[in-house]
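So the chains spell out like this:
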Amino acid sequence: MTVKKIAVLTSGGDSQGMNAAVRAVVRSGLYYGLEVYGIQRGYQGLLNDDIFSMDLRSVGDIIQRGGTILQSARCKEFMTPEGQQKGAEILRKHGIDGLVVIGGDGSYHGANKLSKLGIKTMALPGTIDNDISYTDFTIGFDTAVSIVVDAVNKLRDTMSSHERSSIVEVMGRHCGDIALYAGLASGAETILVPEVPHDMDEITERMKENFAHGKRHSIVIVAEGVGSGEDVAKALTDRCPTLEPRVTCLGHIQRGGTPTPTDRNLASRLGDFAVRKLIEGESDKACGIIKGELVLTDIDKVVNTKKEFNMELYELALRLSQ
Ligand SMILES: Nc1ncnc2c1ncn2[C@@H]1O[C@H](COP(=O)(O)OP(=O)(O)O)[C@@H](O)[C@H]1O
Ligand SMILES: O=P(O)(O)OC[C@H]1O[C@](O)(COP(=O)(O)O)[C@@H](O)[C@@H]1O
Ligand SMILES: [Mg+2]
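Residues numbered from 1 in each chain as written. Chains lettered and ligands numbered in written order. Predicted model: local features only at pLDDT ≥ 70, side-chain atom pairs only at ≥ 80, totals over all residues. Heavy atoms only, no water.

Looking at an unreviewed UniProt entry, one finds the protein chain named ATP-dependent 6-phosphofructokinase and attributed to Paenibacillus azoreducens. According to UniProt, the comment filed for the protein chain under the heading Subunit (unreviewed entry) is "Homotetramer." According to the UniProt record, the Pathway (unreviewed entry) comment for the protein chain reads "Carbohydrate degradation; glycolysis; D-glyceraldehyde 3-phosphate and glycerone phosphate from D-glucose: step 3/4." (UniProt positions renumbered as here; feature names shortened; annotations may be inferred.)

Have a look at this one:
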């Protein structure tokens, strides 16, 4: 049986492009004749019954905005079977039979649990980390990478003037993709990611050699999953004080600002895809993009598979940054 009333929520760490995804879900849902509801503050809002009807105008003027008009939350109660049961009952009370969850891997688990309780669910990858398997890219990742690259461009200017090294700490708890893609795009000399072990002695020697061969600055990008930028700076200073490392932690700046066209288009395609698949009767599925094509994968499979790290890009970044 196909869905008639659907709801959409955003959950976990927000990401640029979530609004574009919400817009696509609402407008496609209405286009296909469904009733569409918004849930405020993720699973917390679901448990608080914070649910409201959405129309075409309720998603006007948001495609270009960072953050999420639905707001986001992390909700402990929803991690319990009782919380999930309560969530499913609240949705049933409203007659909502389909739910689109926009969030990261944690949020995917929640969608998976709700589908086992009879709610048809679709999960969209809304996280800057790019840590979700069965999709090449997540919504917000491209914008976060652009922000890091812009920051490194600025740091390069001052580091070159003083012949210093710049340590830039970026987000990515378990996934080094922001560090990798921003590192390659900004010509970083060293990229530290949780997926690849590193040797500080070797890194220091390489930086010293590069300075000796005329390099005027050195950029080190550290994914937060490896440790803090301060720790890396200390390790470098202990080995070679003349590297004069200066640390910049980009933090939540990476999660704000207007989404890039790439993220808006990805969000628009995935939001519409999720609605069409719900109408076709699909449930408990993750929507993603692989080699430019939209794909549907069982949520179980997605949450139980670790995203593969792109070693080819990593090695390329190192080869090109000598
Ligand atoms: N195993 C789980 N079962 C049910 N709900 C979960 C589970 N893991 C996470 N969630 C829900 O999803 C929310 C967001 O998850 P979190 O891991 O914080 O962020 P993200 O979705 O961005 O990875 C959690 O606060 C919780 O409500
Ligand atoms: O917003 P918080 O709670 O400070 O969380 C920070 C974390 O959220 C992220 O930005 C996104 O992670 P999730 O997608 O898992 O929410 C991580 O890169 C970062 O470590
Ligand atoms: Mg997560």
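From this point, the narrative continues.
A. Broad picture of the confidence of the model for the protein chain. The share of residues in the protein chain with pLDDT of 70 or more is 100%, and the mean pLDDT across the chain is 97. Complex prediction metrics read pTM 0.97 and ipTM 0.97. (pLDDT = per-residue confidence, 0-100.)

B. Summary view of the UniProt feature "binding site: ADP" (unreviewed entry) in the protein chain. Cross-referencing UniProt, the feature "binding site: ADP" (unreviewed entry) maps to R23, A24, V25, V26, R27, R156, G187, A188, E189, K215, R216 and H217 in the present numbering. In sequence the annotated residues extend across 195 residues, and in space they extend as well, their farthest C-alpha pair lying 52.2 Å apart. Positionally, V26 belongs in helix α1 (residues 18-31). Accessibility expressed as a relative area gives 0% for V26, which makes it buried. The residues contacting V26, other than those within four sequence positions of it, are V8, V36, M54, D55 and V59. Tracing the backbone shows K215 in the loop between α7 (200-212) and β8 (218-223). Residue classification places K215 among the buried residues on the basis of a relative accessible area of 19%. Leave out the neighbours within four places in its chain, and K215 touches E189, N210, S321 and Q322. (Helix = DSSP H or I, 4+ residues; strand = E, 2+ residues; numbered from the N terminus. Buried < 20%, exposed > 50% of the residue type's maximum accessible area, 1.4 Å probe, protein only. Contact = heavy atoms within 4.5 Å.)

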